[in-house]
Each structure stands twice: as structure tokens, then as C-alpha cells.
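Report on the structure
Residues per chain, in single letters:
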Amino acid sequence: MSERRPVLLAMDFQQGIVDRAGGGAALAAVSRAIEAARAAAIPVMYVRVAFRPGYPEAAPANPVFGAIHRSGDAMTQDHPATQLHAALPVRPGEPVILKRRVSAFAGSDLDVLLRAAGATDLVLAGISTSGVVLSTVRQAADLDYALTVLSDACADRDEEVHRVLTEKIFPRQAAVTTADEWIRAR
């Protein structure tokens, strides 16, 4: 069997999203996972969602992104709310991927970066569980990555949805564990 090459993806840990989703506990868990990944020489990549001024990527008919046309500039790529949370300082060499849809792969260069890194396994953390994490799990599984979801490094506005996804849906395609359990297994 060939050597396993994991990559940790910290997804949508942006100032505005962490604040809106009440993601403080997930932020703390992903911070611990990032430090452990760095110590184990596991690449860390960050993903954030944002749009160009005027939102040309967001069709008004899109049920998820159509409303942002009316939101002002709060989701543009240079707005403070779309920047990575200050609690997650990016180190040199750690890519920040800009996506234009829900999945970390959609409208981004994530696939290119993962292939260049030789990634075989993805360790996922993100806000929201029912958004970026679910969409990325589905797409990454279809791309044949081995997956781990750090359940406490994910958050969702709806705790029941988070529970159902992490306990019933994700285990069909991913190992689901906590950040501390994953760290101990390094």
C-alpha cells in the first residue's frame, strides 16, 4: 500500500461566519488540530468563501447565494467579515483557498493544490456542518479521498442537524472523531 498523505482543511473559519454561527468551540478545536498537524508535518490549508465586488459569481436565482446581492459588500473578497478569523494565523506556505460556492472544491483551485501535495486523506473542519463540511465530504468522497471529519471542529446553527450529520450521515463516507482524539492518534 502506498504512503498515506493527509491534509488538514480548515474551512470557512472567517470572522463573519464564526461570529454568526457561534463557532467559538469549533474555532478552539480547529486551532488545536492545526498545531498538531504542523507538529506532525501534515499540510494545513485554509478555505474561505467570498465574491468579487458586485457578486458576478452569485446568480440572483441561486437559492443560497442570490440574497447576497442585497447584502451590500459583506461577502466580497476584501471585506473584513470574509477574512480568516484572527485566531487562525496562517503560516508561510499554508495556502488560503478562495471558493465561490458551498463546497471547498467549487470555484476554487483546491483540487490542484491537493494533487500537488500528493494528498490521499483529507481531515475536515468547518463552519457550517450542513454547508461546507457536508458539500466537501460528498465531493471529496467522489474524488476517492479517505476522509476524517473532526466533529467538534465543525459547527452548525442547528445542533440537531450537526448531530445527525456527524453521527449518521458522515460515517458512511468518513471517519468521524474529535480534534483531541485525532491529535492523540498522530
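Here the structure is shown first, and the text comes after it.
In what follows, the accompanying structure is described.

Description of the layout of surface pockets
The computed volume of the largest pocket comes to approximately 570 Å³. Lining the largest pocket are 22 residues, and of these I17, R20, V64, S128 and R157 sit closest to its centre. Listed by contribution, the elements that provide at least two residues to the lining of the largest pocket are α1 (15–21) and α4 (129–142). Partitioning the lining of the largest pocket into residue classes produces 12 nonpolar, 4 polar and 6 charged.

Looking at the sheet that holds strand β1 (residues 6–11)
The sheet built from 6 strands is open, its strands ordered β3-β2-β1-β4-β5-β6 with parallel pairing. The open sheet is flanked by β3 (96–99) and β6 (175–177), the only strands paired with a single partner. With direction set aside, neighbouring strand axes in the sheet form an average angle of 25 degrees. Against the sheet, helix α3 (residues 110–117) makes contact with β1, β2 (44–49), β3 and β4 (121–127), and its axis sits at roughly 175 degrees relative to β2, the strand it touches most.

As for the packing of α4 against helix α5 (residues 159–169)
Between α4 and α5, whose axes approach to 10 Å, the crossing angle comes to 20 degrees. Classified by the angle their axes make, α4 and α5 are roughly parallel. Crossing of α4 over α5 shows left-handed handedness. Seen from α4, the contacting residues are T129, S130, L134 and R138; seen from α5, they are V161, H162, L165, T166 and I169. Across the contact of α4 with α5, the residue classes tally to 4 nonpolar, 4 polar and 1 charged.

A short note on α4
For α4, built from 14 residues, the straight-helix expectation of 20 Å at 1.5 Å per residue is met to within 8% by its first-to-last C-alpha distance of 18 Å. When we look at burial in α4, the residues that qualify are T129, G131, V132, V133, T136, V137, A140 and A141. Where α4 is buried, its residues meet β1, β3, β4, β5 (146–155) and α5. Directly after α4, the chain includes D144, whose backbone phi takes a positive value near 70 degrees.

Considering helix α2 (residues 24–39)
Its 16 residues give α2 an end-to-end C-alpha distance of 23 Å, which sits within 8% of 22 Å, the value for a rise of 1.5 Å per residue. Listing the buried residues of α2 in full gives A26, L27, A29, V30, A33, I34, A36, A37 and R38. Taken together, the buried residues of α2 touch β1, α1, β2, β4, β5 and α6 (179–184). Just downstream of α2 lies A41, where phi reads positive at about 60 degrees.

Structural notes on unusual backbone geometry
Cis geometry is adopted by the peptide bond preceding S128, which originates at I127 and carries an omega value of 20 degrees. Relative to the elements of secondary structure, S128 occurs in the loop between β4 and α4. The residue A41 is not glycine, and still its phi comes out positive at about 60 degrees. Position of A41 relative to the elements: it lies in the loop between α2 and β2. Of note, the phi angle at D144 is positive, near 70 degrees, even though the residue is not glycine. Looking at D144, the relative accessible area reads 70%, which means it is exposed.

Definitions and limits used
Residues numbered from 1 in each chain as written. Predicted model: local features only at pLDDT ≥ 70, side-chain atom pairs only at ≥ 80, totals over all residues. Heavy atoms only, no water. 1 Å grid on protein atoms, 1.4 Å probe; cavity = no way out; pocket = protein on both sides within 12 Å on 5 of 7 lines; lining within 4 Å. Points joined across faces, edges and corners; volume = space filled by probe spheres on them. Helix = DSSP H or I, 4+ residues; strand = E, 2+ residues; numbered from the N terminus. Nonpolar A, V, L, I, M, F, W, Y, C, P; charged D, E, K, R; others polar. Pairing = 2+ DSSP bridges. Axes fitted to C-alpha atoms, helices over the stretch in contact; angles between N-to-C directions. Contact = heavy atoms within 4.5 Å. Parallel < 35°, antiparallel > 145°, perpendicular 65-115°, else oblique. Left-handed = near helix turned anticlockwise from the far one by under 90°. Expected span 1.5 Å × (residues − 1). Buried < 20%, exposed > 50% of the residue type's maximum accessible area, 1.4 Å probe, protein only.

In short, the description is geometric, and any link to function would need to be established separately.
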